[in-house]
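Structure assessment
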Amino acid sequence: MRGASFRSSFGLWITLASTVACHYPAQAARSQTTKGQTTEAQAQRPNILFLFADDQRPDSVAAFGNEHIRTPVLDRLASRGYRFAQNYCMGGRHGAVCICSRAMLMSGRSLPRVRDDMRDVHSLPQCLAESGYVTFATGKWHNGPKAFLRCFQQGRNIMLGGMSDHTKVPVVDLDPEKRTFSKVRTARRFSSRLFAETVIEFLDGRAAIDKEAGERKPFFAYVAFTAPHDPRNPPEDYRKPYYEDLPPLPANFRPQVEWFADETWSHVRDECLAAWPRDPDVIRQQLAEYYGLITHLDGQIGRIFEALDKNGYGKNTVVVYTADHGLALGSHGLVGKQSIYEHSMGCPLILAGPGIPAGKTSHALTYLLDLNPTLCKLAGAKVDASVEGRDLMPIVRGDSDKVRDSLFLMYRGTQRSVRDDRYKLIRFPEIDKTLLYDLQDDPSELRDLSDLPQHEERVEKLWKLLESWQAQVGDEAPLTVDQPRPQKRDLTGGKRKPDRWQPEWIRKKYFDDQ
């Protein structure tokens with residue numbers, strides 16, 4: 001994409017944060033430490049800014065090698081931080097993978113050991129609060145209002161749900177004293193701008209409180225964006241340049257799924273966003289809109305970083321940038337995230353801040369849930385006894401090159417996978433299909449090696465490893481069934497219906513045939 005013309009279409013990439021009225025009272029936030037107990041050691045602990053994207057493919061950052069997308073802010077973050085290039089969501093038990101992913105993050109537990117509503121979880125922000133942190137959240141919360149009340153001391157512009165039109169986000173605020181939510185209202189700012197400006201207001205208010213108190217309390221600010229989740233309706237100025245120079249199809253684009261592993265693929269909401277067979281031009285159009293959402297999000301993150309620096313927090317804040325999982329968008333004939341392929345369970349991860357080396361990349365096998373103990377230990381907080389994640393800081397410090405030898409993925413009862421540092425075994429029980437990919441030579445998962453004689457022992461070894469992982473995490477799904485379904489299915493002409501969140505122009509563009 002031509003850099004000059006692209007930049008002129010968007011104007012300034014990073015705008016200074018506008019002056020906004022602070023909505024937070026100038027008094028110390030409620031916490032579980034006694035007033036006056038703030039120590040010098042506590043004041044030196046890092047703040048944590050957690051930036052959480054929604055449905056972001058692991059390859060959708062320019063600094064990671066994608067020359068067709070513009071993400072200058074994230075590129076700079078990667079250059080001053082530490083990237084984990086093989087980071088994963090463990091999976092999902094239903095189509096709303098984001099619920100499962102966020103529960104795993106907050107609990108630090110594997111999927112079979114955490115409920116969607118986190119009813120028995122002592123969460124990451126609770127652990128931080130008990131060690132003296134002020135905890136704040138804005139944006140998407142899909143694990144129920146009761147869980148939010150347990151997790152955070154403060155919250156504003158919270159979307160208690162899974163998705164919405166980015167221009168009409170239903171939000172509530174948390175009353176920190178009464179521990180109740182306000183009535184739902186519809187925000188009229190674009191979602192990424194809304195959540196960015198909300199955390200900017202928090203940062204401004206926090207700085208004022210610290211100044212008045214004459215001491216600093218560390219904070220954990222959790223910003224859960226709803227971009228780039230659909231509806232893919234970025235502001236027009238952000239999609240137009242991508243329309244003018246459409247992104248290419250993914251290397252593993254297919255018009256139909258090769259292996260019909262999950263019957264819900266024929267009707268789950270995400271897969272109905274494009275007709276079968278997948279039209280290459282439609283997928284490229286949707287990629288343009290998807291990239292537009294990411295580029296707009298990138299600019300809003302830049303505004304948050306400006307506010308960090310303005311308020312004197314830039315040098316003592318650990319920044320985490322990641323996403324709940326990835327997305328297919330044409331890969332393997334799919335559009336959604338309900339699969340265990342790399343594009344759907346992989347997600348970006350960057351850590352930056354004090355004590356974190358700049359410009360480094362690790363290929364260690366990591367989970368999102370590893371961030372739970374990692375951040376607790378960085379903050380000097382106690383790690384809950386139920387946490388299964390691994391602290392990533394030994395890798396960051398150079399003391400170790402990995403935290404596990406293999407990694408397990410799961411989706412419903414229909415898909416299981418295990419991988420080591422090179423090979424990935426996929427098992428689709430309901431259609432009695434096993435696949436083997438060499439991710440070093442075939443990162444797009446296109447060439448199945450499972451039937452080749454030279455890989456027979458490897459398949460057996462990985463199958464045993466898969467069973468071992470199931471036993472370790474308490475996954476009881478069978479790897480075989482008595483009556484397998486047909487492995488192939490032509491989904492051409494399947495009925496589709498737009499969900500209520502899709503704006504009118506998207507309905508007309510992609511659902512006119514219905």
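Residues numbered from 1 in each chain as written. Predicted model: local features only at pLDDT ≥ 70, side-chain atom pairs only at ≥ 80, totals over all residues. Heavy atoms only, no water.

**Notes on the packing of aromatic side chains**
- Going through the model one piece at a time under the given rule, you end up with 21 aromatic pairs.
- Their ring planes at 5° and their centres at 6.3 Å tell us that Phe152 and Phe220 sit as a pair that is stacked. Residue Phe152 is found in the loop between α6 (145–151) and β5 (154–160), and its partner Phe220 is found in strand β10 (residues 219–224); the two are separated by 68 residues along the sequence. Each member of the pair Phe152 and Phe220 is classed as buried. (Phe/Tyr/Trp six-rings, centres within 6.5 Å; stacked < 30°, edge-to-face > 60°. Helix = DSSP H or I, 4+ residues; strand = E, 2+ residues; numbered from the N terminus. Buried < 20%, exposed > 50% of the residue type's maximum accessible area, 1.4 Å probe, protein only.)

**Brief notes about the sheet that holds strand β11 (residues 317–323)**
- The strand order across the open sheet formed by eight strands is β5-β4-β10-β1-β11-β12-β2-β13, and the pairing between neighbours is mixed. Two strands in the sheet have a free side with no partner beyond their single neighbour: β5 and β13 (360–367). With direction set aside, neighbouring strand axes in the sheet form an average angle of 15°.
- Inspection of the sheet shows strand β1 (residues 47–53) paired to β10 by five bridges, in the parallel sense. Looking across to β10, one finds that Leu51 is bridged to Val223.
- Contacting β1, β10 and β11, helix α9 (residues 280–310) runs over the sheet at an angle of about 170° to β1. (Pairing = 2+ DSSP bridges. Axes fitted to C-alpha atoms, helices over the stretch in contact; angles between N-to-C directions. Contact = heavy atoms within 4.5 Å.)

**Describing unusual backbone geometry**
- Put simply, Ala227 and Pro228 share a cis peptide bond, and its omega is 0°.
- Mapped onto the elements of the fold, Pro228 is located in the loop between β10 and α8 (236–244).
- Non-glycine residue Asp55 carries a positive phi angle of around 70°.
- Assignment of secondary structure puts Asp55 in the loop between β1 and α3 (72–79).
- Asp55 gets classed as buried once you look at its relative accessible area, which sits at 1%.

**With respect to the packing of helix α7 (residues 191–213) against α9**
- Running from amino to carboxyl end, α7 crosses α9 at an angle of 5°, the nearest separation of the two axes being 9 Å. Classified by the interaxial angle, the pair formed by α7 and α9 is roughly parallel. For the pair formed by α7 and α9, the contact residues are Ser192, Arg193, Ala196, Glu197, Val199, Ile200, Leu203 and Asp204 on the first element and His296, Leu297, Gln300, Arg303, Ile304, Ala307, Leu308 and Lys310 on the second.
- A per-class count over the contact of α7 with α9 returns eight nonpolar, three polar and five charged. (Parallel < 35°, antiparallel > 145°, perpendicular 65-115°, else oblique. Nonpolar A, V, L, I, M, F, W, Y, C, P; charged D, E, K, R; others polar.)

**Examining the nonpolar core**
- The biggest cluster of nonpolar side chains holds 128 residues, and the ones touching the most others in it are Leu49, Leu51, Trp141, Phe220 and Tyr222.
- Counting residues per element, this core draws most heavily on α7, at eight residues.
- If we ignore the near neighbours within four places in the chain, the residues touching Leu51 are Val223, Phe225, Ile301, Ile304, Phe305, Val319, Val320, Tyr321 and Thr322.
- Counting residues in each nonpolar core, the second largest holds 18 residues, with Leu246, Ala288, Tyr290 and Phe511 among its members. (Core = buried A, V, L, I, M, F, W, Y, C linked by side-chain atoms within 4.5 Å.)

**Some thoughts on helix α13 (residues 456–473)**
- Between its terminal C-alpha atoms α13 stretches 26 Å, which fits the 26 Å expected from 18 residues at 1.5 Å a residue.
- When α13 is considered as a whole, its buried residues turn out to be Val459, Leu462, Leu466, Trp469, Gln470 and Val473. Angularly, the buried residues of α13 cover 100° about the axis, an arc narrow enough to put them on a single face. In α13, the exposed positions that point more than 90 degrees away from the buried face belong to Glu457, Lys461, Lys464 and Ala471.
- Those residues of α13 that are buried are in contact with β13, β14 (407–411), β15 (415–419), β16 (423–428) and β17 (433–438). (Expected span 1.5 Å × (residues − 1). Arc of directions from axis to C-beta.)

**A few points about the confidence of the model for the protein chain**
- Summarising the model, the protein chain shows a mean pLDDT of 92, and 91% of its residues fall at 70 or more.
- Contacts for the low-pLDDT stretch residues 1–39, under 50 throughout, to residues beyond four places or in other chains number 79 contacts. (pLDDT = per-residue confidence, 0-100.)

**What about helix α11 (residues 371–379)?**
- Among the nine residues of α11, seven are classified as buried, and the element is accordingly described as predominantly covered.
- When α11 is considered as a whole, its buried residues turn out to be Leu371, Asn372, Pro373, Thr374, Leu375, Cys376 and Ala379.
- Once α11 ends, the next one or two residues include Gly380, with phi positive near 75°.

**Section: the pattern of salt bridges**
- Per the stated rule, a full pass over the model turns up 36 salt bridges.
- Between Asp120 and Arg115 there is a salt bridge, and its shortest N-O distance comes to 3.5 Å.
- Asp120 gets classed as partly exposed once you look at its relative accessible area, which sits at 42%.
- The salt bridge partner of Arg412 is Asp262, with a shortest N-O separation of 3.1 Å. Pair noted here: Arg412 is in the loop between β14 and β15 and Asp262 is in the loop between α8 and α9, with a separation of 150 residues, a long-range link.
- By relative accessible area, which is 29% here, Arg412 ends up partly exposed.
- By sharing partners, the salt bridges in this structure join Asp55, Asp230, Arg269, Asp270, Lys337 and Asp499 into a single network. (Salt bridge = Lys/Arg side-chain N within 4 Å of Asp/Glu carboxyl O.)

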